[in-house]
Amino acid sequence: MKAQHLFPALLTLYKSLANTLEKLKYINFLLILITLSCSNTKTKSNHTNIPEQNIDTISYHYSGFNNGLKLDLLSDGTFVNENYLFGCTGGGESKKVFGTYKLDSIKLILIPQKVEFIQYPMDMQSEPTTTKVPYGIDSLTIKTEYQIVTWGNKKYLLSDFYDSVWSSEKENDYIRFADYLNSGFEPKTSGRYLVKGTKDSITSQFDLSQIPEKWQKYFLKEPITAKIKSLRKVIDQEDHENFWWQIELNKGEDHGVYSRLTMTTKDDMFFIDIDSVLKNSSYGKYYMPDFTPDKYPIGTELRTKWK
């Protein structure tokens, strides 16, 4: 099998594991993890050199596999924004942006001033290289405007800035948050957006009115249920050893389905990500070679979230 065809199968395998392990859904990130290989013995604490502060700090964060985000808002009106990524066998980078901020109950504005970029060599015994520059270089810019969204004792910083660093699709914090909410991962598990607080004691429904109208279309008011309408085995014409299943569902745009929704069976062992939508039908691909129509035949029910 050609290397470029390994990604879909590996992506699907990872997603199957994610659904059984508390449905850790940030699947697109696997495309980067594949290139980084195994696990790294380094930890975030080994690579961050932010001095301890003796003043109150409000911290938002996201923590993933060998990567993460952290935003500290200090009581003196300054901030430290860190974005880090480490390879599994060594190497990596940490980008820290410093500046001031303006904050009220619903909005945060960062005013960056300087950047500290740290590169860690593959050789773990070698010293990292640190570069300090004024803020403004395109590759070192950050999101600077956030809306503060509240759900119970959790607070989310969401930006409408589109970024594609961690996904092959055009997306932003609102879209990623909607994905996690639609699939039932939130508030237990969060995606790649900044969060403060825990899921504890959150029993209320999420207040969708907080979300700007422009982005509300991505949030499902009720889970969508669909059934398999047809399935077809597709063989790659450039590599006949590679194939996938084209799945058609009987729900589409008229039923609230949109591209990127994840639909799964009740046992969480079969799922598809919607990649194209018509008025009354939608389509997705399934890459696992052990799939058989006998186990998931026409008429099999899938949902965005099983209660």
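Everything numeric in this text was worked out from a predicted model, so none of it was measured. Residue numbers here run from 1 along each chain, matching the order of that chain's written sequence. Two thresholds apply to this predicted model, a pLDDT of at least 70 for residue-level local features and 80 or more for giving and counting side-chain atom pairs, whereas whole-chain, interface and lining totals are computed over all residues. Excluded from the side-chain calculation are hydrogens and water; included are all heavy atoms of the structure.

Here's the deal with the overall build of the protein chain
- Helix and strand assignments follow DSSP, with helices taken as H or I runs no shorter than four residues and strands as E runs no shorter than two, numbered in order from the N terminus. Across its full length, the protein chain holds 5 helices and 15 strands.
- For the exposure calls, accessible area comes from a 1.4 Å probe over protein chains only, and a residue counts as buried if that area is under 20% of its type's maximum, exposed if over 50%, partly exposed in between. In the protein chain, buried positions account for 45% of the 307 residues.
- Note on definitions: a residue-residue contact is assigned when non-hydrogen atoms from the two residues lie within 4.5 Å. In the protein chain, the share of contacts with a sequence separation of at least 24, taken over all contacts with a separation of at least 6, comes to 58%.
- Counting every atom, the protein chain has about 16300 Å² of accessible surface; 52% of that belongs to carbon and sulfur. In these tables, accessible area is a Shrake-Rupley quantity obtained with a 1.4 Å probe, and a residue counts as shielded only by the protein chains included in the view.

Considerations on the environment of Gln246
- Secondary-structure assignment places Gln246 in strand S11 (residues 243-249).
- Separated by 37 residues in sequence, Gln246 and Tyr283 place their C-alpha atoms 7.1 Å apart.
- Among all residues touching Gln246, those that are not within four sequence positions of it are Ser230, Leu231, Arg232, Val234, Tyr283, Gly284 and Lys285.

A short note on the packing of aromatic side chains
- Geometry of aromatic contacts follows a simple scheme: Phe, Tyr and Trp rings, the Trp one being its six-membered ring, pair when their centres are within 6.5 Å, and the pair is stacked under 30 degrees between planes, edge-to-face over 60, tilted otherwise. All chains considered together, the criterion is met by 23 aromatic pairs.
- Ring geometry for Tyr156 and Tyr193: centres 6.2 Å apart, planes at 55 degrees, overall tilted. With a gap of 37 residues between them, Tyr156 in strand S8 (residues 154-158) and Tyr193 in the loop between helix H4 (173-182) and strand S9 (194-196) connect regions that are remote in the sequence.
- On the basis of relative accessibility, which here comes to 1%, the residue Tyr193 falls in the buried class.
- Members of the aromatic cluster, each reached through a chain of ring pairs, are Trp151, Tyr156, Phe177, Tyr180, Phe185, Tyr193, Phe206 and Phe219.
- Against the face of Phe98 rests Lys114, its NZ or CZ located 5.6 Å from the ring centre.
- Just above the ring of Phe243 sits the side chain of Lys233; from NZ or CZ to the centre is 4.2 Å. Charges are assigned to positions over rings by a cutoff of 6 Å between ring centre and Lys NZ or Arg CZ, combined with an angular limit of 35 degrees from the ring normal.

Here's the deal with the pairing of strand S3 (residues 78-86)
- Sheet analysis places strand S2 (residues 67-74) next to S3, joined by 7 bridges and oriented antiparallel. By the bridge assignment for S3, Asn67 is matched with Leu85.
- Counted between consecutive antiparallel strands, the loop separating S2 from S3 contains 3 residues, among which Gly77 sits at a positive phi close to 90 degrees.
- In short, DSSP must find at least two bridges between two strands for them to pair. Hairpin remark: S3 followed by strand S4 (residues 92-103), antiparallel, with 5 residues in the connecting loop; positive phi at Gly90, about 125 degrees.

Focus: the pattern of salt bridges
- For this document, the term salt bridge refers to a Lys or Arg side-chain nitrogen within 4 Å of an Asp or Glu carboxyl oxygen. Tallying each qualifying case throughout the model produces 14 salt bridges.
- Close ionic contact of Asp163 with Lys143 constitutes a salt bridge, the shortest N to O distance being 3.3 Å. Of this pair, Asp163 sits in the loop between S8 and H4 while Lys143 sits in the loop between strand S6 (129-134) and strand S7 (145-151), placing them 20 residues apart in sequence. Of the two residues examined, Asp163 and Lys143, each falls in the buried class.
- One salt bridge in this structure joins Lys154 and Glu186, with 3.3 Å as the shortest N-O distance. Residue Lys154 is located in strand S8, and its partner Glu186 is located in the loop between H4 and S9; the two are separated by 32 residues in the primary sequence.
- A relative accessible area of 4% places Lys154 in the buried class.
- Look at Glu186 and you get buried, because its relative accessible area is 5%.
- Bridged by salt links that share partners, the residues Lys143, Asp163, Glu171, Asp173, Arg176, Asp179 and Arg260 form one connected network.

What about the nonpolar core?
- In terms of nonpolar packing, the biggest core is built from 40 residues, with Phe206, Ile211, Phe219, Leu249 and Phe270 touching the most fellow members.
- Of all the secondary-structure elements, those providing two or more residues to this core are S7, S8, H4, strand S10 (225-235), S11 and strand S13 (271-277).
- Sequence-distant contacts of Phe206, that is, excluding residues within four places in its chain, are made with Val149, Thr150, Trp151, Phe177, Leu181, Ile211 and Phe219.
- Counting residues in hydrophobic clusters, the runner-up holds 19 residues, among them Tyr60, Leu71, Phe79 and Ile148. Joining through side-chain atoms within 4.5 Å is the link that ties buried Ala, Val, Leu, Ile, Met, Phe, Trp, Tyr and Cys residues into a set, and such a set is a nonpolar core.

Some words on the confidence of the model for the protein chain
- pLDDT expresses, on a scale from 0 to 100, how confident the predictor is about each individual residue. Residues with a pLDDT of 70 or more make up 80% of the protein chain, whose mean pLDDT is 83.
- Confidence over residues 1-53 falls short of pLDDT 50; this stretch has 102 contacts with residues more than four positions distant or in other chains.

What about H4?
- H4 sits mainly inside the fold: 10 of its 10 residues count as buried.
- When H4 is considered as a whole, its buried residues turn out to be Asp173, Tyr174, Ile175, Arg176, Phe177, Ala178, Asp179, Tyr180, Leu181 and Asn182.
- Next to the buried residues of H4 lie S7, S8 and helix H5 (213-216).
- One or two steps after H4, the chain reaches Gly184, where phi turns positive at roughly 85 degrees.

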